[in-house]
Amino acid sequence: MNSPRPNISYEPRPWIRQLDEGAINRIAAGEVVERPASAVKELVENAVDAGARRIEIDYADGGKTLIRVTDDGCGMTGDDLPLALSRHATSKIDGSDLLDIHTFGFRGEALPSLGAVGRLKITSRVEGGEGVSLTVSGGHMEPVKPAALSKGTIVELRDLFYATPARLKFLRTDRAESQAITDVIKRLAMAEPFVGFTLRDVSGGGEGRVTFRADPESGDLFDALHGRLAQVLGKEFAENALAIDAEREGLHLTGYAALPTYSRGSAVTQFLFVNGRPVKDKLLVGALRGAYFDFLSRDRHPAACLFIDCDPHLVDVNVHPAKSEVRFRDPGLARGLIVSALRHGLAEAGHRASSTVANATLGAMRPEGQGDVPRSYQMDQRSVGGFARGYTPPPRPSSDVMEQSYQWQAPERFDTPGFAEAAYPSARFEDVEAAPEVEALPLGAARAQVHENYIIAQTGRGIVIVDQHAAHERLVYEKLKAQMAENGVASQALLIPEVVELGTNDAQTLLDLADDLARLGLVIEPFGGGAIAVRETPAILGRVDAKAMISDVLDELADVGDSLTVQARIEAVLSRVACHGSIRSGRRMRAEEMNALLREMEATPHSGQCNHGRPTYVELKLTDIERLFGRT
């Protein structure tokens, strides 16, 4: 420190002074308006609070030179406009109860703050009244003037931060600011599915280009929200999302949560709302993460759009300058509702996996550089003889005809094996007659095993490819969880306890959790020094390599660290232990075993993904396969 009193000069004695209104508004703007996207958020929220059903947002140069919000809401009178630009003047609360808030805004700070740092013009008209306009530049307000407007309000903000040029240096590029504006509008569009939004970039003048558009949805809330999410997040999210609807002690949770196999590498597709307000709350994000803890590895993130609605007195929204965080009266209730509702929804999904898995598989099968360009085959071209263009494949033969054709074309059996038979087989066909009702089941009937790891099953609509190890690992894990929830995992005593040599710290880590590990069926005891003796192992796993299992348990405990609860750490260990009892890659399976695995997958919740969130099977529709071969 260069000075013992670096903040305030005491010569002469400091005195307290009242700041002028302009300085007060500029300070408030520093809290409320961080960047152009913040201004857009405040203005669009005002439009929604005014009852608008269609909102248009125009911006130029990332919102730095122009932001214009046009709505068809209730409008304002000439007497309202000067009040709207006064600090702490609002129509949304009366000040008697700061918790009874049913609107986006309530402080009355946004408009005067924007008028203090930019050039603000508001044009408005109420139904049956006259259009009026008011302009504010750098905090200086001009008189109200008549204006031409049919209905609603137009708020135009030019040259943001011109009155505080130092703030301009901290803004990012036009492209980054434009993306931030788009993100804000998309969040508000999800919160208000019955309101239409149009976002337009008018940089350079003219009508500009529409960068985002969401037309008003109709129907009930779930149908409207589903349609809006398809517009905002894409059809893939809508196709792979589960409807969530749960209520507990005054908190009502609704929305959509994606299947674990539709996970993402970051948390960019997590959207949370409290009483319709977009929030970024650590409590809610942690609850969402905890709900998927059992299904995703730590480097994957769930995708969800969730809404919590409750009595305004149960949540305080006035704890953050930008109102992006909230504080629940009972945080544990909110967290428990999210975790239980999502886990219940995922359990009801059963073995279902996301459709994006099949799409990715089909994409990998297409030739490089092909993309979505349709392929042209010789049969589709006009030949020299003048045959008609456009080949139509013949109708598919019946199963009896196909069987006869197969028998006719099958090679004769010779005692001397050919080159294919002599080689070590990497694929086996199971010649088993499957009843038609078996093929009608979701995962169909097993037909073959490829590379001793993948089961090929035939369904009524196509084929299913199953990763036998990943699928059985999930089944074993679910069985272990069910046993532990009842009265602990059944264990089997080893005839001769296996001694495992470890470091002193590792041995102590396991011994500290000995009682919890015993509930998993893994019974250990100290054996002197850094060694432990494994006396019992989970019975469901059969014969296991105790040393390898102990090493995996230690690795899992090291990965999760101490940040999780004991129960969460035990479940993580349980997931790792399940791997030791699952069908290994490279094991040949009989047709009966493969079909039994398929039936068990159909009956077991969460069997569509392994313990790390990867898919356990891929389903390819017959129409997709035919498209690969140009038959459609």
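This structure is a prediction, so every number in the text was calculated from the model and none was measured.

**Q** Even after reading the chapter, I still don't get the packing of aromatic side chains, so can you show me in this structure?
**A** Aromatic ring pairs: the centre-centre distance and the angle between the two ring planes describe each pair. Within this structure, the stated rule accounts for three aromatic pairs. Residues Phe273 and Phe307 carry aromatic rings whose centres are separated by 4.5 Å and whose planes lie at 10° to one another, so their mutual orientation is stacked. Highlighted residues: Phe273 in strand E12 (residues 270-274) and Phe307 in strand E14 (residues 304-309), separated in sequence by 34 residues. Residue Phe307 is classed as buried on the basis of its relative accessible area of 7%. In this structure, Arg119 is placed above the aromatic ring of Tyr162, and the distance from its NZ or CZ to the ring centre is 3.8 Å. Over the face of the ring belonging to Tyr262 we find Arg264, whose NZ or CZ atom lies 4.0 Å from the ring centre.

**Q** How do you make sense of the sheet that holds strand E21 (residues 491-501) when you look at a structure like this?
**A** Strand pairing in a sheet takes place through backbone hydrogen bonds and is either antiparallel or parallel in direction. Taken together, the three strands give an open sheet; going across it, the order is E21-E23-E22, and neighbouring strands pair in antiparallel fashion. What marks the edges here is a single partner per strand, and that holds for E21 and strand E22 (523-526). Here the strands of the sheet are splayed against their neighbours by 20° on average, with no regard to which way each runs. The strands that helix H16 (residues 504-512) touches are E22 and strand E23 (531-538); relative to E22, the one it contacts most, it runs at about 130°.

**Q** I tried to follow the environment of Arg264 on my own but got confused; where do I start?
**A** You can see Arg264 is positioned in the loop between strand E11 (251-258) and E12. C-alpha separation for the pair Arg264 and Arg300, spaced 36 residues apart in sequence, amounts to 5.6 Å.

**Q** So what exactly am I meant to see when it comes to the pairing of strand E1 (residues 54-60) here?
**A** Residues in a regular strand point their side chains to alternate faces of the sheet. Within E1, five of the seven residues are buried, which leaves the element mostly enclosed by the surrounding structure. In this sheet, strand E8 (residues 196-201) lies alongside E1 in parallel orientation, the contact comprising six bridges. Bridge pairing in E8 links Arg54 to Gly196. Summarising the sheet, E1 and strand E2 (residues 66-71) pair through six bridges and their orientation is antiparallel. Bridge assignment links Ile55 to a residue of E2, and that residue is Asp71. In sequence, E1 turns back onto E2 through a hairpin of five residues, with Asp61 there showing a positive phi of about 55°.

**Q** Help me out: how do you make sense of the sheet that holds E14 in this one?
**A** An order of E10-E11-E14-E12-E13 is seen for the five strands of this open sheet, with the pairing classed as mixed. Each edge of the open sheet is held by one strand with a lone partner, namely strand E10 (241-248) and strand E13 (277-279). If you compare each strand with its neighbour and ignore which way they point, the axes differ by 20° on average. The sheet contact formed by E12 and E14 spans five bridges and is parallel. Within E14, the position partnered with Phe273 by the bridge is Phe307.

**Q** What should I look at first to understand the packing of helix H9 (residues 282-291) against helix H10 (residues 331-348) in this one?
**A** When two helices pack together, their arrangement is captured by the angle between the axes and the distance separating the axes. Put simply, H9 and H10 touch, their axes get as near as 8 Å, and they point 30° apart. Classed by the angle they form, the pair H9 and H10 counts as roughly parallel. Once H9 is placed against H10, the crossing between them reads as right-handed. Each of Leu283, Leu284, Gly286, Ala287, Leu288, Gly290 and Ala291 in H9 lies in contact with H10, whose residues at this interface are Pro331, Arg335, Ile338, Val339, Leu342, Arg343 and Leu346. Grouping the amino acids of the contact of H9 with H10 by side-chain chemistry returns ten nonpolar, two polar and two charged.

**Q** How do you make sense of the side chain of Asp201 when you look at a structure like this?
**A** Here Asp201 is to be found in strand E8. Looking at Asp201, its side chain comes within polar contact range of the side chain of Ser203, at 2.7 Å. Dropping the residues within four chain positions of it, Asp201 is found in contact with Tyr59, Ala60, Gly208, Arg209 and Thr211.

**Q** Just to check I follow, could you spell out the nonpolar core for this structure?
**A** Considering soluble globular proteins, one finds that nonpolar side chains tend to be buried as a cluster. Among the nonpolar cores identified, the biggest contains 58 residues, and Val44, Ile55, Ile57, Ile185 and Phe197 are the most heavily contacted of them. No other element matches the eight residues that helix H6 (residues 174-191) contributes to this core. For Ile55, the contacting residues outside a window of four places in its chain are Val44, Ala47, Val48, Val69, Thr70, Asp71, Val195, Gly196, Phe197 and Thr198. Counting 35 residues, the second largest nonpolar core, distinct from the first, contains Ile244, Ala291, Val326 and Ala349.

**Q** Looking at this model, I keep getting lost on unusual backbone geometry. Mind explaining?
**A** Of all residues except glycine, most have a negative phi; of all peptide bonds, most are trans. The phi dihedral of Asp61 falls on the positive side, at around 55°, and the residue is not glycine. One can find Asp61 in the loop between E1 and E2. Look at Asp61 and you get partly exposed, because its relative accessible area is 29%. Despite not being glycine, Phe161 has its phi angle at roughly 70°, a positive value. With relative accessibility at 0%, the residue Phe161 sits in the buried group.

**Q** Before we go on, may I ask you to explain the pairing of E12 in this structure?
**A** In terms of burial, E12 is a largely internal element, five of the five residues being buried. On E12, burial covers both faces: Gln270, Leu272 and Val274 on one face and Phe271 and Phe273 on the other are all buried. Between the antiparallel neighbours E12 and E13 lie two residues, among them Asn275 with a positive phi of about 50°.

**Q** What's the story with empty space enclosed by the protein in this structure? I'm lost.
**A** Gaps left between atoms are located by rolling a probe of water-molecule size over the structure's atoms. Applying the stated criterion across every chain, the model contains two cavities of 30 Å³ or more. Taken as a whole, the second largest cavity holds about 40 Å³ of empty space. Looking at side-chain class alone, the lining of the second largest cavity contains four nonpolar, three polar and one charged residues.

**Q** Honestly, H9 in this entry has me stumped. Any pointers?
**A** Since the α-helix packs 3.6 residues into each turn, any two residues three or four apart lie on the same face. Those residues of H9 lying buried are Leu284, Ala287, Leu288, Gly290 and Ala291. Seen along its axis, H9 keeps its buried residues to an arc of 160°; they face one direction. Measuring from the backbone nitrogen of Leu283 back to the side-chain oxygen at the start of H9 gives 3.1 Å, which picks out Asp281 as the cap.

About the criteria used
Residues numbered from 1 in each chain as written. Predicted model: local features only at pLDDT ≥ 70, side-chain atom pairs only at ≥ 80, totals over all residues. Heavy atoms only, no water. Phe/Tyr/Trp six-rings, centres within 6.5 Å; stacked < 30°, edge-to-face > 60°. Helix = DSSP H or I, 4+ residues; strand = E, 2+ residues; numbered from the N terminus. Buried < 20%, exposed > 50% of the residue type's maximum accessible area, 1.4 Å probe, protein only. Lys NZ or Arg CZ within 6 Å of the ring centre and 35° of its normal. Pairing = 2+ DSSP bridges. Axes fitted to C-alpha atoms, helices over the stretch in contact; angles between N-to-C directions. Contact = heavy atoms within 4.5 Å. Parallel < 35°, antiparallel > 145°, perpendicular 65-115°, else oblique. Left-handed = near helix turned anticlockwise from the far one by under 90°. Nonpolar A, V, L, I, M, F, W, Y, C, P; charged D, E, K, R; others polar. Polar contact = N/O pair within 3.5 Å; in protein donor to acceptor, adjacent residues only side chain to side chain. Core = buried A, V, L, I, M, F, W, Y, C linked by side-chain atoms within 4.5 Å. 1 Å grid on protein atoms, 1.4 Å probe; cavity = no way out; pocket = protein on both sides within 12 Å on 5 of 7 lines; lining within 4 Å. Points joined across faces, edges and corners; volume = space filled by probe spheres on them. Arc of directions from axis to C-beta.

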